[in-house]
Amino acid sequence: MDYDYDFFILLSGEDLFIDNGAGLTAYLERNHDKSIIDCRVDHSLSWRILSYNLFTDSIFSRSLFVRGVNFFIRKCIYPLIKKSDFKKEQVFVGSSWLTLTRKHVAMIVRDFDSNYISKFRFSSCSDEHIFQMWAMQNIHKEIINGTIHFFSFSKGASNPKYLTMDDINKIKSESEFFFVRKVSGDMAIEYEESNELC
């Protein structure tokens, strides 16, 4: 790889960095040879990988109709026709918000070829499985199980809730997270401006 970085952190446009930089640097230096990946077993979500989920690459994938079709397939057809790419014990799940060492990024670039990626075709929420399943197969002794991102889901919600200034300040004072999400653009500006005054 041509990029001379020790770590790569996956971020989105709705993430906010709440550390002054020193804390994150010290944390990564202490764990210089570890990637930080949230990995866990949750058999209630194995269907995402083991059964066929049609239209998952469609803009309609979250529509009630498509969800109903996939639910029917999962309940009625899955017992008869299962995907054969993975076994149940190989299915892991976790947050998509990863912190990876340079070594592990190079391994992912090498291993995530069309053959490996195609095994997740017709899967649901594959971004919450593909890295975890690879990590547990290849580097499970070289990871810290967790994340440096804070996020919170309202009950039954598909996406994290947007955080308020009170939420952010509480997380900053009471936790060891370095990033929070989701944060609106206006809230990010308000946070940055309030911290400039401190």
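Summarised in this report is the structure supplied together with it. (Residues numbered from 1 in each chain as written. Predicted model: local features only at pLDDT ≥ 70, side-chain atom pairs only at ≥ 80, totals over all residues. Heavy atoms only, no water.)

1. A look at the pattern of salt bridges
Under the defined criterion, the tally for this structure stands at 6 salt bridges. Note that arginine 181 and aspartate 15 form a salt bridge whose closest N and O atoms lie 2.7 Å from each other. You can see arginine 181 sitting in strand S7 (residues 179–181) and its partner aspartate 15 sitting in strand S2 (residues 15–17), a full 166 residues away along the chain. An identical accessibility class is assigned to arginine 181 and aspartate 15; each is buried. For aspartate 38, the salt bridge goes to arginine 40, with nearest N and O atoms at 2.7 Å. (Salt bridge = Lys/Arg side-chain N within 4 Å of Asp/Glu carboxyl O. Helix = DSSP H or I, 4+ residues; strand = E, 2+ residues; numbered from the N terminus. Buried < 20%, exposed > 50% of the residue type's maximum accessible area, 1.4 Å probe, protein only.)

2. Considering the nonpolar core
Residues Ile37, Phe86, Tyr116, Phe120, Met133, Trp134 and Ile139 are the most contacted members of the largest nonpolar core, which totals 21 residues. Counting only elements with at least two residues in this core, the list comes to helix H2 (47–50), helix H4 (102–111) and helix H6 (130–138). The greatest single-element share of this core, amounting to 4 residues, is contributed by H6. Of all hydrophobic cores here, the second largest spans 10 residues; its members include Leu163, Ile168, Val180 and Tyr191. (Core = buried A, V, L, I, M, F, W, Y, C linked by side-chain atoms within 4.5 Å.)

3. Topic: helix H1 (residues 22–30)
Along an α-helix, residues three or four positions apart point the same way, because every turn accommodates 3.6 residues. Along H1, the residues that are buried comprise Leu24, Tyr27 and Leu28. All buried residues of H1 project into a common sector of 95° when viewed along the axis, lining one side. Opposite the buried face of H1, at more than 90 degrees from it, the exposed residues are Glu29 and Arg30. The elements touched by buried residues of H1 are strand S1 (7–9), S2, strand S3 (35–36), strand S4 (99–101), strand S5 (143–144) and S7. (Arc of directions from axis to C-beta. Contact = heavy atoms within 4.5 Å.)

4. A short note on the side chain of histidine 149
In this fold, histidine 149 is placed in strand S6 (residues 149–150). At a separation of 3.4 Å, a polar atom in the side chain of histidine 149 contacts the side chain of aspartate 15. In this view, histidine 149 contacts Ile9, Leu10, Leu11, Asp15, Trp97, Phe177 and Phe179; residues no more than four positions away in its chain are not counted. (Polar contact = N/O pair within 3.5 Å; in protein donor to acceptor, adjacent residues only side chain to side chain.)

5. What about a negative patch on the surface?
A cluster of acidic side chains, namely Asp186, Glu190, Glu192, Glu193 and Glu196, defines a negative patch on the protein surface. Within the element layout of this structure, glutamate 190 appears in helix H8 (residues 185–196). Given the relative accessible area of 40%, glutamate 190 is considered partly exposed. (Patch = residues over 30% accessible without salt bridge, like charges linked within 9 Å, V, L, I, M, F, W, Y side chains within 5 Å. Areas by Shrake-Rupley, 256 points an atom, 1.4 Å probe, with all protein chains shown as cover. Lys, Arg positive; Asp, Glu negative; His and termini not counted. Charge placed at Lys NZ, Arg CZ, Asp CG, Glu CD.)

6. Describing the side chain of aspartate 15
On the accessibility criterion, aspartate 15 (15% relative accessible area) is buried. Polar contacts involving the side chain of aspartate 15 include one to the side chain of arginine 181, which spans 2.7 Å. Excluding residues that lie within four positions of it along the chain, aspartate 15 makes contacts with Leu10, Trp97, His149, Val180 and Arg181.

7. Quick notes on the sheet that holds S6
On the basis of which strands lie adjacent, the open sheet formed by 3 strands has the order S2-S7-S6 and mixed pairing. In the strand order of this sheet, the two ends are held by S2 and S6, each with one partner. By the bridge criterion, 3 bridges tie S2 to S7 in an arrangement that is antiparallel. The partner of leucine 16 across the bridge, within S7, is valine 180. (Pairing = 2+ DSSP bridges.)

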